[in-house]
Amino acid sequence: MPSPARSVRLFLGIAGALLLLQGSASLLRAALSISAPELVLDFTNADPLHAVIHITWGVVLLLALFLPITEYAQALLALVFGIFYTGLAFLGTLVYHPFGLQLGIGENVFHFVVGPLALIIAYRALRQSTSVRSV
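Here, residues in each chain are numbered from 1, in the same order as that chain's written sequence. Only residues with pLDDT of at least 70 get local features here, since the model is predicted, and only at 80 or more are side-chain atom pairs given and counted; chain-wide, interface and lining totals rely on the full set of residues. Based on all heavy atoms of the structure, the side-chain values leave hydrogens and waters out of the count.

Observations concerning the environment of Leu88
Numbering goes from the N terminus for both helices and strands, where a helix is a DSSP run of H or I of at least four residues and a strand is a run of E of at least two. The topology assignment puts Leu88 in helix α4 (residues 71-94). The cut-offs for exposure are 20% and 50% of the maximum accessible area for each residue type, with area from a 1.4 Å probe on protein chains only; residues under the lower value are buried, those over the upper are exposed, and the others partly exposed. The buried category is assigned to Leu88, whose relative accessible area is 7%. Along the backbone, Leu88 and Pro98 are ten residues apart, and their C-alpha atoms lie at a distance of 8.8 Å. Between two residues, a contact is recorded if the distance between any of their heavy atoms is within 4.5 Å. In this structure, Leu88 is in contact with Leu101, Leu103, Asn108 and His111, ignoring residues within four places of it in sequence.

Structure below.
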């Protein structure tokens, strides 16, 4: 099992790249009115605002890997990301199209996976960071 700090970096890289790709593909498909197979349509089914949120988070997560920030700051970013996406998952489940976001079952399932996963990874890293600091 990778170290907690390495897990955070892996999460930031994978989640950041996928969010950037998904958000960009969604905006491109909408702008060009591209017809595609059902699986591609499902993957790129974000409304413009939702796509911009994915692009923004993707860029922020990827920048955190390349900017000179501490492992602790990376773990805090993963925590904030986890809180945001877990909150979005609950909001999307409890409120019909919150803030104009077209959140269907697929989007809510994604948010319920990625949000809590980020929380778990961040918790492990922050717990290790705290124990290392107290030694």
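There's plenty left to go through after this.
As for unusual backbone geometry
Even without a glycine there, the phi angle at His97 is positive, about 45°. With respect to the helices, strands and loops of the structure, His97 is situated in the loop between α4 and α5 (105-134).

Here we look at the side chain of Asp47
Among the secondary structure elements, Asp47 is positioned in the loop between α2 (38-43) and α3 (48-66). Note that His is not counted, nor are the chain ends; the positive residues are Lys and Arg, and the negative ones are Asp and Glu. Just to be clear on terms, a salt bridge is a Lys or Arg side-chain nitrogen sitting within 4 Å of an Asp or Glu carboxyl oxygen. For the buried Asp47, no salt bridge exists, and the shortest N-O distance to an oppositely charged side chain is 10 Å, to Arg29. Looking at Asp47, its side chain comes within polar contact range of the main-chain nitrogen of Gln102, at 2.8 Å. Discounting chain neighbours no more than four positions away, the residues touching Asp47 are Gly100, Leu101 and Gln102. Between N or O atoms, a polar contact is any pair within 3.5 Å; within protein, one atom must be a potential hydrogen donor and the other a potential acceptor, and residues adjacent in sequence are included only when both atoms are from side chains.

Side note on the pattern of salt bridges
Taken as a whole, this structure holds one salt bridge when the rule is applied. A salt bridge links Glu71 to Arg9, with the nearest nitrogen and oxygen atoms 3.2 Å apart. With Glu71 in helix α4 and Arg9 in helix α1 (residues 4-32), this pair connects stretches of sequence that are 62 residues apart. For Glu71, a relative accessible area of 48% translates into the label partly exposed.

A few points about the packing of α1 against α3
At their nearest, the axes of α1 and α3 sit 7 Å apart, and the two run at 150° to each other. Crossing hand, α1 versus α3: left-handed. Ten residue types, Ala, Val, Leu, Ile, Met, Phe, Trp, Tyr, Cys and Pro, are classed as nonpolar, four, Asp, Glu, Lys and Arg, as charged, and the remainder, Gly among them, as polar. Counted by class, the contact of α1 with α3 contains 16 nonpolar, eight polar and one charged residues. Lines fitted to C-alpha atoms define the axes here, with helix axes fitted over just the stretch in contact, and angles between the N-to-C directions of these axes take values from 0 to 180 degrees. If you view the pair so one helix is near and one far, a crossing is left-handed when the near helix is turned anticlockwise from the far one by less than a right angle, and right-handed when it is turned clockwise.

A few points about α4
Multiplying 1.5 Å by the residue count of a helix minus one yields the expected span of that helix. Spanning 24 residues, α4 covers 34 Å between terminal C-alpha atoms, matching the ideal 34 Å at 1.5 Å per step. Residues of α4 that are buried: Gln74, Ala75, Leu77, Ala78, Phe81, Gly82, Tyr85, Thr86, Leu88, Ala89 and Gly92.

Some points on the nonpolar core
Residue types Ala, Val, Leu, Ile, Met, Phe, Trp, Tyr and Cys, when buried and joined through side-chain atoms within 4.5 Å, form a set referred to as a nonpolar core. Grouped together as the largest cluster of nonpolar side chains are 23 residues, with contacts concentrated most on Val8, Phe11, Leu12, Trp57, Leu61, Phe81 and Tyr85. Looking at this core, the elements that each hand over two or more residues are α1, α3, α4 and α5. For Trp57, the contacting residues outside a window of four places in its chain are Leu19, Leu77, Val80, Phe81, Phe84 and Tyr85.

Remarks on a nonpolar patch on the surface
For patch detection, residues must exceed 30% relative accessible area and be free of salt bridges, and they are connected within 9 Å for like charges or within 5 Å for nonpolar side chains (Val, Leu, Ile, Met, Phe, Trp, Tyr). A 1.4 Å probe and the Shrake-Rupley method give the accessible areas. Residues count as covered only by the protein chains that appear here. Together, Leu10, Ile14, Leu18 and Leu21 line one region of the surface with nonpolar side chains, adding up to about 370 Å² of accessible area. Among the structural elements, Leu18 can be located in helix α1. The class of Leu18 is partly exposed, set by a relative accessible area of 47%.

Things to note about the packing of aromatic side chains
A pair of aromatic rings is counted whenever rings of Phe, Tyr or Trp (Trp by its six-membered ring) have centres within 6.5 Å, and the orientation is called stacked for planes under 30 degrees apart, edge-to-face for over 60 and tilted otherwise. Across all of its chains, the model carries seven aromatic pairs by this definition. Ring geometry for Trp57 and Tyr85: centres 6.3 Å apart, planes at 65°, overall edge-to-face. Taken together, the residues Trp57 in helix α3 and Tyr85 in helix α4 connect sequence positions 28 residues apart. Here the two residues Trp57 and Tyr85 agree in accessibility, since each one is buried. On the numbers, 4.5 Å between centres and 35° between planes, the contact of Phe81 with Tyr85 is tilted.

Nothing here speaks to function; it is geometry throughout.
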